[in-house]
Each structure stands twice: as structure tokens, then as C-alpha cells.
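Listed here are the chains, written in short residue letters.
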Amino acid sequence: MAPFKNILVSLILALPAFAACGAALPSSLTLRANSRLPDPFTFYDGTKVTSQNDWACRREEINQLFQRLELGTLPPKPASVTGSLSGNSLTVNVSHEGKSISFTASVQFPSGTAPFPAIIAIGGSSIPTPSGVAIINFNNNDIAAQDNTGSRGRGKFYTLYGSGHSAAATTAWAWGVARIIDVLETIPSSRINLSRLGVTGCSRNGKGALIVGALETRIALTIPQESGSGGAACWRISDSMKSRGVNVQTASQIVTENVWFSPLFNQYVNRVNDLPIDHHLLAGMVAPRGLFVIDHSTIDWLGPESVFGCMKTGTKVYQALGIADRMGVSQVGGHNHCQFPSSQQSELNAFVDKFLRGNTAANTNIVRTDKANNAGFVEANWVNWTTPTLS
Ligand SMILES: *[C@@H]1O[C@H](CO)[C@@H](O)[C@H](O)[C@H]1NC(C)=O
Ligand SMILES: *[C@@H]1O[C@H](CO)[C@@H](O)[C@H](O)[C@H]1NC(C)=O
Ligand SMILES: *[C@@H]1O[C@H](CO)[C@@H](O)[C@H](O)[C@H]1NC(C)=O
């Protein structure tokens with residue numbers, strides 16, 4: 001009996017973590033039209049999510065669905081990732097199958113006593129720098145360009161993996177952020193506390209910030225700012241706004257503008273109702289980590305109704321996990337795009353306090369819009385499932 005038992009034990013140990021989950025996704029997905037926001041708590045095969053363990057499996061399923069339908073493949077950590085921190089300059093060197101790239105990120109350190117929390121700023125930061133927090137400036141355009149549709153396959157990510165790689169620019173940025181963290185992990189004297197990392201970005205880089213936070217689980221606090229469609233908005237709600245005459249960015253427009261999504265996504269942009277995902281599930285992927293969505297209520301292009309409705313629906317994942325206070329949404333209008341309004345300062349402070357400074361008492365129960373009637377979002381039109389309590 002003993003040898004069999006040993007074989008069994010080593011078999012179980014060799015299996016990947018989510019092998020304990022139910023059926024894997026089939027290689028060819030069957031898409032079913034659903035004009036409402038897909039149920040976070042039902043697996044692709046129709047099984048219900050009834051426990052926190054189930055949610056871990058469902059989160060991985062959602063991750064795979066996003067990569068197969070929208071984002072392209074996020075490659076794992078390459079064989080060689082090395083680097084160094086010299087003054088304010090972090091160098092990251094990566095080799096993969098005979099090809100090498102090198103990139104740098106500048107680090108602004110605060111005054112005070114190290115180790116510091118740090119916020120990785122995708123293409124620079126548009127939020128006021130919180131005191132005592134370092135800013136790591138990630139030059140995302142260097143990793144994956146985003147000038148226009150001609151940027152497909154351009155940037156250091158594609159130098160390494162080939163210009164035909166399926167990864168969206170946003171996915172390539174998540175890969176680049178992961179390599180920055182890999183290098184920091186090798187430098188204990190960096191003066192940065194790697195358990196207190198945030199990510200932010202505004203507008204197109206806000207789409208990036210949400211996608212980075214969803215894909216990279218070493219990020220403790222994700223702060224997308226005014227990210228619109230492709231970020232905190234839901235494709236379905238943006239299409240609905242468009243059909244009602246609002247000049248909002250949509251899936252079918254976005255793929256003609258830039259390379260923020262994988263070429264795999266092109267075939268779905270005129271039939272987003274067939275997708276088994278929408279961006280409330282991208283927010284759900286960030287759970288149980290902190291997520292604070294900063295948004296704008298008076299720029300139609302950003303889809304205020306879509307963002308508020310999508311993210312309010314995303315909070316249901318956090319509710320189900322019993323951690324509703326870890327996701328916040330604040331939507332305020334009347335300022336220039338990406339110009340942070342002072343009325344959101346105390347809310348930002350609360351999220352930074354709780355997730356980057358360890359103040360568990362900070363009040364982060366924030367889901368609000370300054371636009372009347374939930375910015376036009378009518379939940380009953382979009383949500384026909386219930387939120388379980390998962391334990
Ligand atoms: C929700 O609506 C979709 C169609 O839009 C339908 O396919 C699905 O079965 C409905 N779910 C529930 C729980 O009623
Ligand atoms: C990184 O690559 C650069 C340029 O190729 C090289 O000069 C440097 O020595 C490398 N640093 C590390 C730590 O590997
Ligand atoms: C780093 O952050 C973690 C998580 O907030 C905290 O528990 C830990 O004490 C911090 N480490 C130092 C050395 O401050």
C-alpha cells in the first residue's frame with residue numbers, strides 16, 4: 001500500500017494549484033448571447049460558485065477567458081530576469097530563448113524612514129503623490145507602443161516574444177510591471193516594501209492600470225483613473241449608451257484607434273453580448289486586493305453610466321467575499337480629464353492608508369457618483385443574478 005500512497009502524494013503535489021477546480025475550459029469556447037452582465041458566480045460550465053475556494057477557481061477561469069478573448073497570452077516569468085537599482089534608476093534585464101532586452105524605471109523616493117510603500121505609475125502619475133510613498137515611473141510605451149493601430153507588435157515585449165505575439169499592449173505592460181517587481185524582489189536594500197505596492201494610470205494608461213492590477217497579484221492597491229471603455233466601463237453598457245445617442249467609446253471603435261486589446265478581440269467587437277466576460281469581472285479579478293476606481297462623471301466619451309454601473313456591479317464580488325470595503329468607486333465631474341479634483345482627496349487618502357500604510361481602520365466604504373440617478377445606471381436592466389455569501 002505504501003508505494004501507491006507515495007505515488008499518489010507526489011502526483012497531487014505535482015498538480016498546479018487550480019487542478020482542484022472543476023472542468024477546465026474547452027479548447028473551443030461556445031459563446032451564448034447574453035445582453036446582461038455575465039454572472040460572476042456561475043462557472044462557464046453552468047456550475048455555481050458556492051465557496052471562497054470556488055471563487056479562487058472562478059477567478060482563474062475568468063483570467064483565462066480574458067486572455068483568450070480580449071487580452072492575449074500573458075507569458076510567465078522568463079528564464080532570466082536580473083537588474084539593479086542605482087540611485088533613482090532601476091534597470092531590468094530580461095532574456096528569453098536567446099533574445100534579451102533591458103529597460104529602466106525611475107524611482108522617486110519620499111523623505112522619511114524606509115521601507116516605503118510604492119505606487120507604480122503607468123506612463124506617469126496623475127494623482128497627488130501620497131506622503132511617504134515612492135513612485136516608480138514605468139515607461140509603458142517602451143515595452144509596448146500605443147501610438148495607433150500601427151503600433152501592433154512594437155516595443156521591447158515584442159522584441160523578446162515576436163511581433164506576432166497575441167498579447168495586447170496592456171497585457172505587455174502587465175508583463176513589464178511583473179518584471180520590475182521580480183527585480184525589486186532581488187534587491188532587499190531597495191527601501192521599498194513589496195507588500196505595499198500600488199499601481200495607477202489615467203485614461204489609456206488607466207485602462208492599463210486596471211488590467212495590470214487584475215493580472216498581477218503582487219499589487220496590493222489598484223487605482224485606475226478616468227479609464228473609460230476598455231478600463232472600468234463595461235463593453236455592453238457602453239454599446240447601450242451609444243445606441244441611445246451618447247458619444248461614448250465602444251469596443252468597435254477602440255480597435256480602430258489603438259492596440260490596447262489583442263487582435264483576438266477584433267472578432268467580438270460587434271457582438272459583445274456573446275462574450276462570457278465584461279469588465280465588472282476584471283474588477284472582480286482584483287479581489288481580495290484593494291481597488292479604488294477614480295472616475296469622471298461629465299465626459300461622455302468615458303461613459304459615466306457604463307463605468308459607474310460596471311464597477312458598482314464589480315463590488316458584488318467583494319460583497320460575496322465579505323470584504324466590500326476593499327473596493328471603492330468615486331465619480332466626480334466638472335474638471336479637465338485626468339486633473340485630480342480635491343473632492344476625491346480624502347477618499348484616495350483612505351485607500352492609501354488602508355492598503356499601503358497598513359491602517360486597517362481607514363474608512364474605505366466609498367461607492368458614489370455626483371451624477372443623478374446612479375449616472376443613469378439601472379441595475380435591474382443589467383443584473384439578473386444574485387450575490388451569494390461565500391465562506
Ligand atoms: C439572465 O439573462 C440572460 C439573457 O440576457 C439569460 O441567458 C440568463 O439565463 C438569465 N439568468 C438568470 C439567472 O435569469
Ligand atoms: C543589464 O543590461 C545592460 C545593457 O545590456 C548591461 O549594461 C548591464 O550590465 C546589465 N545589468 C544587469 C544587472 O544584468
Ligand atoms: C511591509 O508591509 C507589510 C504589509 O503591510 C507589513 O506587515 C510589514 O510590517 C511591512 N514591513 C516593514 C519592514 O515595514
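Just so we're clear, the structure is a prediction, and the values are computed from it rather than from any experiment.

**Focus: the packing of helix 7 (residues 235-243) against helix 10 (residues 304-320)**
Where helix 7 meets helix 10, the axes come as close as 8 Å, and the angle between the chain directions of the two elements is 150°. One way to sum up the angle between helix 7 and helix 10 is to call them roughly antiparallel. For the crossing formed where helix 7 meets helix 10, the hand is right-handed. Residue-level contacts link Ile237, Ser238 and Met241 of helix 7 to Pro304, Glu305, Ser306, Gly309 and Cys310 of helix 10. Of the residues belonging to the contact of helix 7 with helix 10, the class tally is four nonpolar, three polar and one charged.

**Some details on the sheet that holds strand 1 (residues 80-86)**
Strand order in the open sheet formed by ten strands is 1-2-3-5-4-6-7-8-9-10, and the pairing between neighbours is mixed. Looking at which strands have only one partner, the edges of the open sheet turn out to be strand 1 and strand 10 (367-369). Direction aside, the axes of adjacent strands within the sheet are offset by 20° on average. Taken together, the five bridges between strand 8 (residues 290-295) and strand 9 (residues 327-331) define a ladder with parallel strand orientation. Pairing of Ile294 across the sheet is with Ser330, part of strand 9. Each of strand 1, strand 2 (89-96), strand 3 (99-108), strand 4 (116-122), strand 5 (134-138) and strand 6 (192-202) is contacted by helix 5 (residues 169-185), which is oriented at about 110° to strand 2, the strand it contacts most. Most of the contacts of helix 10 go to strand 9, to which it runs at about 165°, and overall it touches strand 8, strand 9 and strand 10.

**Concerning the site of ligand 2**
Neighbouring residues of ligand 2: Thr82, Gly83, Asn93 and Ser102. Between ligand 2 and the protein, one listed contact pairs an oxygen atom with a side-chain N or O atom of Thr82 at 3.3 Å. At 2.4 Å from an oxygen atom of ligand 2 is found a side-chain nitrogen or oxygen belonging to Asn93. For ligand 2, the protein covers 36% of the area, taking 370 Å² as the surface of the free molecule. Grouping the amino acids of the shell around ligand 2 by side-chain chemistry returns no nonpolar, four polar and no charged.

**So, the site of ligand 1**
Every residue near ligand 1 is listed here: Asn34, Ser35, Arg36 and Asn384. Contact between ligand 1 and Asn34: an oxygen atom at 3.1 Å from a side-chain N or O atom of the residue. At 2.3 Å, a side-chain N or O of Asn384 approaches an oxygen atom of ligand 1. Here ligand 1 loses 44% of its free accessible area of 360 Å² to cover by the protein chains. Residue composition of the shell around ligand 1, by class: no nonpolar, three polar and one charged.

**Concerning the confidence of the model for the chain**
The pLDDT averaged across the chain works out to 95; a share of 95% of its residues lies at or above 70. Low pLDDT (under 50) marks residues 1-19, which in the prediction has two contacts with non-local residues, meaning those over four places away or in another chain.

**Topic: helix 6 (residues 204-215)**
Between its terminal C-alpha atoms helix 6 stretches 17 Å, which fits the 16 Å expected from twelve residues at 1.5 Å a residue. Helix 6 sits mainly inside the fold: eleven of its twelve residues count as buried. Among the residues making up helix 6, those that are buried are Asn205, Gly206, Lys207, Gly208, Ala209, Leu210, Ile211, Val212, Gly213, Ala214 and Leu215.

**Examining unusual backbone geometry**
The linkage connecting Ala114 with the following residue, Pro115, adopts the cis geometry, with an omega of 0°. Among the secondary structure elements, Pro115 is positioned in the loop between strand 3 and strand 4. The backbone of Asn373 shows a phi angle near 55°, a positive value even though the residue is not glycine. Exposure remark for Asn373: the relative accessible area of 66% places this residue in the exposed category. One non-glycine residue, Ala375, lies in the positive phi region at around 60°. The class of Ala375 is buried, set by a relative accessible area of 8%.

Criteria and thresholds
Throughout, residues of each chain are indexed from 1 in the direction in which the sequence is written. Ligands are numbered from 1 and chains lettered from A, in the order in which they are written. This being a predicted model, a pLDDT of at least 70 is required before a residue's local features are given, and a value of 80 or more before pairs of side-chain atoms are given or counted; all residues contribute to the totals for chains, interfaces and linings. Excluding hydrogens and water, the side-chain values take into account all heavy atoms of the structure. Axis lines are fitted through C-alpha atoms, for helices just across the contact stretch, and the angle between N-to-C directions can take any value from 0 to 180 degrees. Counting from the N terminus, the helices are the DSSP runs of H or I reaching at least four residues and the strands are the DSSP runs of E reaching at least two. Note that the term roughly parallel is reserved for angles under 35 degrees, roughly antiparallel for angles over 145, roughly perpendicular for angles of 65 to 115, and oblique for everything else. Here a crossing is taken to be left-handed if its near helix is turned anticlockwise relative to the far helix by less than a right angle, and right-handed if that turn runs clockwise. In this analysis, two residues are considered to be in contact whenever any of their non-hydrogen atoms come within 4.5 Å of each other. Classes in brief: Ala, Val, Leu, Ile, Met, Phe, Trp, Tyr, Cys and Pro nonpolar; Asp, Glu, Lys and Arg charged; the others, Gly included, polar. Two strands form a pair only when DSSP identifies at least two bridges running between them. Only a single heavy atom is needed: when it lies within 4 Å of a molecule or strand, its residue is near that molecule or strand. Between N or O atoms, a polar contact is any pair within 3.5 Å; within protein, one atom must be a potential hydrogen donor and the other a potential acceptor, and residues adjacent in sequence are included only when both atoms are from side chains. Computed with a 1.4 Å probe, the accessible areas rest on the Shrake-Rupley method; for each residue, only the protein chains presented here act as cover. Confidence of the prediction at every residue is given by pLDDT, a number between 0 and 100. Here, expected helix span is obtained from the residue count minus one, scaled by 1.5 Å. Exposure is judged per residue with a 1.4 Å probe applied to protein chains only, and the accessible area is read against the type maximum: over 50% gives exposed, under 20% gives buried, and values in between give partly exposed.

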